[in-house]
Structure formats: C-alpha cells, structure tokens
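# Structural overview
Residues per chain are reported as follows:
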Amino acid sequence: MKKLIALLLALVMVFALVACASETKTNTDTSTDTSTDTSTDTDTSTDTDTSTETDTPDDTQTTDEPIYIPVMAKGFQHQFWQAVKAGADAAAAELGCEIYFDGPASETEIDAQVNMVKNEMAKNPKAMALAALSTDAVKEILAECAEKNIPVIGFDSGVPDDTSGAVKATAATNNEAAAAIAAEKFGEHPDLVAAMEAATPEAPVVIGCLSQDAVSASVTGRTTGFVNKMAEIAETYQPGKVSIVGHSKWEKPVDGAAIIIQVAISATTEATAVQTAANSLLSTAGIKAIFCSNEGAVTGFLAAVSDGMDLADGGKYADLIVAGFDAGAAQKNAVREGWFYGSVTQDPYQIGYQAVSMAYKAALGEEVSDVDTGAQWYDASNIDDEMIAMLVYD
C-alpha cells in the first residue's frame, strides 16, 4: 500500500513539472513576438525620416541657384571694354553669381544693343548692369524692369536721365573731375604757361579738345570737365580774354580773345571721322596743345600724326603738347616715347567689378548708391609703377 501511494505522488510531481515547462515556453514566445513588433515600429520610423531627407536636397538646390546678371556694355571695339569685362568676371567669380557680358561691335549700333538687352530680359534676370548707348532707346525696357522689380546698375556712362526708377546706382568715373586733371597738368607745363602769358588777340593761343561725340555721357562729361577747368586756368593769365568755340554745347565766345579753347567733335565715332577732326585741329593757327577725351579720340589723333612720329623730336608737331584719356597699347607707347605729355586713366577693372557687385547686392534687396571708381594721371615717369600699371590696360 505504501508503495502505491509513493508511485502516485511521483506521478503528480511529473505532471506539475511538465505544466510549468509548457507555461514558460508560452511566455517566451509571447516575448519574442513583442520584440518583433517593436522592430517593425522602428522600421516605420526610419521610412518617415528617409522621406524628409529626400525633400531637403531639392529645397537646397532651389536656394543655391546662381543669381543671373546680364552686363550690357556699349561695345567691344576698344580695349577698355575688355578690362571692364575682366573686373566683371572677377566679381562674379567672387560672389558666385552668373553673368553674361556683351556689347555691340560699334558704339554707333544703338539698335543692336537694344536687341541684346531684350534677349537678356527674356531670361528673367535678377538684376542688370547697363552702359546705355541711348537712354531713349531703352526706355521701354527700363519701364519693364521697374514693373518686374529688376534693379538696373549703370556703369561707365551709365543710363543718364532715367525716369523709370529702375536704375538704382551707377559705377563710373567722375568724368568731369577726371578730365580736369588733364587741364591742371596743362596748367603746370612751363611751355604752355609761357605761351598763355604772352598771348594776344592778334596772336592767340589755341588749346584743342578732341572728342568723338557730343552724346555719350562719359565723353561729354570729360569734354565739359576739361573745357571748364582749362578756361578757369587760362583766365588767370588772360582775364576776360578766354573764348570757348567749336560746338554749341560748350561755346562761350569772347571778342578779342587771347586764348581760344577749340572743341572739335567728329562727325561719327569711326576712327577715320575722328582723324578728320584731328587734322582740322592740327591745321588751326596758334594751336599749342590738344586733349583727346577717350581712346577713340586718341586712335584717330595718332592716325593724323603718322602714328605719333610727327610728334617726335624733329617732327612736324614736335612742339605740340598732347594729353590723352584711357589707355591701350598705342596710347601707352605714345606716353613712353614722350610724344604725349601724359594721359588720364580711369579704372576700367573697378568699373566692371563694382557694377556686378552692386547689381548682386541690389538683386538681394540691399540698398546701393553711386560709386566713383577713380582716375589717375600717368606719364613716362610713372607708367610702369605698380599702382599705375594695373590701371593702364592693353
């Protein structure tokens, strides 16, 4: 009997152990399932983050798109514009904006420039830099810029007399002040000073100013600056006896003049027309000095004096005092050879650089104002100085 009871107790214990083992297994499986669910939740979270990261590069690409700025010059026929372009390119590279620099083949091609500007407007630029050949010719374009809030920055001669409000500022040489430097240098030349002191109405001294047009703001500004300062200086030697003749824009004739400032404007801006105007000045009795107001005037003048050889010692015009404006290989050579007394140079590199820099700022909504890019006198004594050499382009 005792054996039977013992056997029954043993069986009860076995069944209890089996039941516990089964419960443990069930709990373990449940835990595993919960872990799997958690893993699934984590994957869902990862998918959401991936979607957010995909959107971000698209937004960044839109923000980082370069600001597009067309830079419309007056022409390419003078080396001056190539120096302006170099400055514009440098500013664009520094600021990370995109520019397109262009201009007509000749500064007489107003319609060609207008078409170029219209083509650029079709590209929806954020700003524009413009050296207008004629403000009247681009009036409609400027009105469109004002309507679309496209700021315009003038450079070089800029966009004078704009009434649209589109032109926010101008990067340019103060042309009147720059050309006045040449007149001041004439006033320091001992031979010309002596001639002005000795001048009489019977044997007047003539000082010429050769300009390629009476329309461009830069050229007319220089003509005005030179003529006014030269007249002021001449008055100190011959009070009340200084006459300005040659063009209605500047004429102030005086009877019995002892000093005559003769303004010569060529029929067109072409080199042959400027040469004709230069020949007329050279044949004027009493001519002692001539100022050429830009590279185009210099080119035409040099053609009239056998590329400068007539100005050399023993030449036909060896005693003539000549000053130029701008630079270029031929003008620099005339200065180095001593054929020119000297020349005034603006800073074309800075003109291009500042034009793009201000256009970029204006495109971002920043306030901008006019910038005077400066001018310097150079002659045979300083033409190769570091400060001057970087301003006198070839």
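All of the points below concern the structure found in this document. (Residues numbered from 1 in each chain as written. Predicted model: local features only at pLDDT ≥ 70, side-chain atom pairs only at ≥ 80, totals over all residues. Heavy atoms only, no water.)

Here the focus is the packing of aromatic side chains. Ring pairs (aromatic) are described by centroid distance and by the angle formed between their planes. Following the criterion strictly, the structure yields eight aromatic pairs and no others. One aromatic cluster in this structure is built from Phe-186, Phe-226, Phe-291, Phe-325, Tyr-341 and Trp-377. One Lys or Arg, Lys-123, reaches over the ring of Tyr-100 and ends 5.0 Å from the middle of that ring. Directly above the aromatic system of Phe-325 lies the positively charged group of Arg-222, at a separation of 4.0 Å from the ring centroid. (Phe/Tyr/Trp six-rings, centres within 6.5 Å; stacked < 30°, edge-to-face > 60°. Lys NZ or Arg CZ within 6 Å of the ring centre and 35° of its normal.)

All right, on to the sheet that holds strand β5 (residues 167-172) then. Strands sit in the order β2-β1-β3-β4-β5-β12 across an open sheet of six strands; the sheet is parallel. Two strands close off the open sheet at either side, each with one partner strand: β2 (98-102) and β12 (371-372). Where strand β1 (residues 68-72) lies against β2, five bridges are found, and the strand directions are parallel. Among the inter-strand pairings, Tyr-68 is bridged to a residue of β2, identified as Glu-98. The sheet contacts of helix α3 (residues 110-121) involve β1, β2 and β3 (128-130), and relative to β1 the element is tilted by about 180 degrees. (Pairing = 2+ DSSP bridges. Helix = DSSP H or I, 4+ residues; strand = E, 2+ residues; numbered from the N terminus. Contact = heavy atoms within 4.5 Å. Axes fitted to C-alpha atoms, helices over the stretch in contact; angles between N-to-C directions.)

If you check the backbone angles, Asn-124 has positive phi at about 55 degrees while not being a glycine. Note on placement: Asn-124 falls in the loop between α3 and β3. Exposure remark for Asn-124: the relative accessible area of 52% places this residue in the exposed category. Phi at Asn-149 takes a positive value of approximately 60 degrees, unusual for a residue other than glycine. With respect to the helices and strands, the residue Asn-149 is situated in the loop between α4 (139-147) and β4 (152-155). (Buried < 20%, exposed > 50% of the residue type's maximum accessible area, 1.4 Å probe, protein only.)

So, about the nonpolar core. One finds Phe-155, Leu-210, Ile-290, Phe-301, Leu-311, Leu-320 and Phe-340 to be the most contacted residues of the largest nonpolar core, which totals 64 residues. For this core, the element with the highest residue contribution is helix α11 (residues 348-363), accounting for eight residues. What Ile-290 contacts, discounting residues up to four positions off in sequence, is Phe-186, Gly-208, Leu-210, Leu-281, Leu-282, Phe-301, Leu-320, Ile-321, Val-322 and Ala-323. Listed in part, the 33 residues of the second largest apolar core include Leu-192, Ala-195, Ile-207 and Val-263. (Core = buried A, V, L, I, M, F, W, Y, C linked by side-chain atoms within 4.5 Å.)

In this section: the pattern of salt bridges. The tally for this structure, following the rule as stated, stands at nine salt bridges. With a closest N to O distance of 2.9 Å, Lys-85 and Asp-89 form a salt bridge. With a gap of four residues between them, Lys-85 and Asp-89 both fall in helix α2 (residues 79-95), about one helical turn apart. Residue Lys-85 is classed as partly exposed on the basis of its relative accessible area of 27%. (Salt bridge = Lys/Arg side-chain N within 4 Å of Asp/Glu carboxyl O.)

The mixed open sheet is built from seven strands, whose spatial order is β7-β8-β6-β9-β10-β11-β13. Bordering the open sheet on either side are β7 (242-245) and β13 (375-378), each of which pairs with just one other strand. Neighbouring strand axes in the sheet, compared pairwise and without regard to direction, differ in orientation by 15 degrees on average. The sheet strands contacting helix α8 (residues 271-282) are β6 (205-211), β8 (259-265) and β9 (287-292), and the helix crosses β6 at an angle near 175 degrees.

Further remarks concern helix α6 (residues 190-198). When α6 is considered as a whole, its buried residues turn out to be Leu-192, Val-193, Ala-195 and Met-196. Along α6, the residues classed as buried sweep out an arc of 165 degrees about the axis, all on the same side. Those residues of α6 that are exposed and aimed more than 90 degrees away from the buried face are Pro-190, Asp-191, Glu-197 and Ala-198. On its buried side, α6 packs onto α5 (175-186), β6, α7 (217-237), β8, β9 and β10 (321-325). (Arc of directions from axis to C-beta.)

We now examine α4. Each α-helix winds once per 3.6 residues, and so residues spaced three or four apart point in a common direction. Of all the residues in α4, the buried ones are Ile-141, Leu-142 and Cys-145. Down the axis of α4, the sector holding all buried residues measures 100 degrees, keeping them to one side. Turned more than 90 degrees from where α4 packs its buried face, Glu-140 and Glu-147 sit exposed. Against α3, β3, β4 and β5 lie the buried residues of α4. Asn-149 sits one or two positions beyond α4 and adopts a positive phi of about 60 degrees.

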